[in-house]
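Listed here are the chains, written in short residue letters.
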Amino acid sequence: MKALYPGSFDPITNGHIDVIQRITKLFDHVIIAVLNNQDKKDFIPLRDRLKLIKESIEGTKNVSVESFSGLTVKYAKSKGADVIIRGLRAASDFEYELEMSQINYFLSNGIETIFLMTNPKYSFIRSSRVKEVANLGGDIKEFVPNPVYKYLHQKMAFK
Ligand code: PNS
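For the structure given in this document, a descriptive report is provided here. (Residues numbered from 1 in each chain as written. Predicted model: local features only at pLDDT ≥ 70, side-chain atom pairs only at ≥ 80, totals over all residues. Heavy atoms only, no water.)

1. Brief notes about a nonpolar patch on the surface
Here is step 1 of the chain: Where nonpolar side chains cluster on the molecular surface, the patch consists of Leu-71, Ile-103, Phe-106 and Leu-107 and spans about 440 Å² of accessible area.
Here is step 2 of the chain: The topology assignment puts Ile-103 in helix α4 (residues 91-108).
Here is step 3 of the chain: You can call Ile-103 partly exposed: its relative accessible area is 44%. (Patch = residues over 30% accessible without salt bridge, like charges linked within 9 Å, V, L, I, M, F, W, Y side chains within 5 Å. Areas by Shrake-Rupley, 256 points an atom, 1.4 Å probe, with all protein chains shown as cover. Salt bridge = Lys/Arg side-chain N within 4 Å of Asp/Glu carboxyl O. Helix = DSSP H or I, 4+ residues; strand = E, 2+ residues; numbered from the N terminus. Buried < 20%, exposed > 50% of the residue type's maximum accessible area, 1.4 Å probe, protein only.)

Here's what the structure looks like:
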């Protein structure tokens, strides 16, 4: 079975990495699908995000990293993915994720979304908080994989 793990990953966090490590054990192949969102201003440019994700999952065999635009379900179908994976941190994620999985199910004529509960160690980490803390000069070392930490450290130093 092939799984698609879509998201903005701006930046990828330790919570995402935990989900990736777990789903690569459950599925034959995992595609990390990074949204190229024209409407949203990127914190990290798409090309760098892809590179950082690849560096952060180095050594994991059954995984690929790709970018996409448009509907997630269309991309999932074009890649032959059987399921979409999303992580759930807390009840506050639930409504948004429920709605999105239902729309996706409807639009795709039946593609399932499977949710993984985030490891409690990472349940407070979200990309938007990482951006905020990094922008304000806080230490994000424990929140993101090392390649992202180094990248942001450098980026902030030259701000
Ligand atoms: O990491 P995020 O920002 O929570 O990921 C959200 C994402 C990329 C999964 C979601 O915004 C998405 O699927 N966008 C693509 C457009 C789409 O298919 N939207 C859902 C149906 S309207």
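Alright, that's what it looks like, and here's the rest.
2. Examining the side chain of Ser-127
Here is step 1 of the chain: Within the fold, Ser-127 resides in helix α5 (residues 127-135).
Here is step 2 of the chain: Of the polar contacts made by the side chain of Ser-127, one reaches the backbone oxygen of Pro-11; its length is 2.8 Å.
Here is step 3 of the chain: With residues near it in sequence (within four places) discarded, Ser-127 still touches Asp-10, Pro-11, Thr-13 and His-16. (Polar contact = N/O pair within 3.5 Å; in protein donor to acceptor, adjacent residues only side chain to side chain. Contact = heavy atoms within 4.5 Å.)

3. Quick word on the site of the ligand
Here is step 1 of the chain: The environment of the ligand is made up of Gly-7, Ser-8, Leu-35, Gly-70, Leu-71, Thr-72, Arg-86, Tyr-96, Met-100, Ile-103 and Asn-104.
Here is step 2 of the chain: A distance of 2.5 Å separates an oxygen atom of the ligand from a polar atom in the side chain of Thr-72.
Here is step 3 of the chain: Separating an oxygen atom of the ligand from a side-chain N or O atom of Arg-86 is a distance of 2.9 Å.
Here is step 4 of the chain: Protein chains shield 71% of the accessible area of the ligand, which is 540 Å² for the free molecule.
Here is step 5 of the chain: The residue inventory of the shell around the ligand, partitioned by class, reads five nonpolar, five polar and one charged. (Near = heavy atom within 4 Å. Nonpolar A, V, L, I, M, F, W, Y, C, P; charged D, E, K, R; others polar.)

4. Regarding the pattern of salt bridges
Two side chains bearing opposite charge may form a pair once their charged atoms approach each other closely.
Here is step 1 of the chain: All told, the structure shown has ten salt bridges when counted by the stated rule.
Here is step 2 of the chain: The residue Asp-42 makes a salt bridge to Arg-49 at a minimum N-O spacing of 3.1 Å.
Here is step 3 of the chain: Arg-49 gets classed as buried once you look at its relative accessible area, which sits at 3%.
Here is step 4 of the chain: Put simply, Arg-126 and Asp-93 hold a salt bridge, and the shortest N to O gap is 3.7 Å. Here Arg-126, found in the loop between β5 (112-117) and α5, pairs with Asp-93, found in helix α4; they are 33 residues apart in sequence, far enough to count as distant.

5. With respect to the pairing of β5
Here is step 1 of the chain: Strand direction decides the pairing type here: strand β4 (residues 83-88) and β5, joined by six bridges, are parallel. Note that in β5 the partner of Ile-84 across the bridge is Thr-113.
Here is step 2 of the chain: Read as a crossover between parallel neighbours, the route from β4 over α4 to β5 is right-handed. (Pairing = 2+ DSSP bridges. Right-handed = clockwise from strand over helix to strand, strands pointing away.)

6. Notes on the side chain of Asp-10
Here is step 1 of the chain: Take Asp-10: it is sitting in the loop between β1 (2-7) and α1 (14-26).
Here is step 2 of the chain: A polar contact is formed between the side chain of Asp-10 and the backbone nitrogen of Phe-43, at a distance of 2.8 Å.
Here is step 3 of the chain: Discounting residues that sit within four places of it in the chain, Asp-10 has contacts with Asp-42, Phe-43, Ile-44, Arg-49, Ser-127 and Lys-131.

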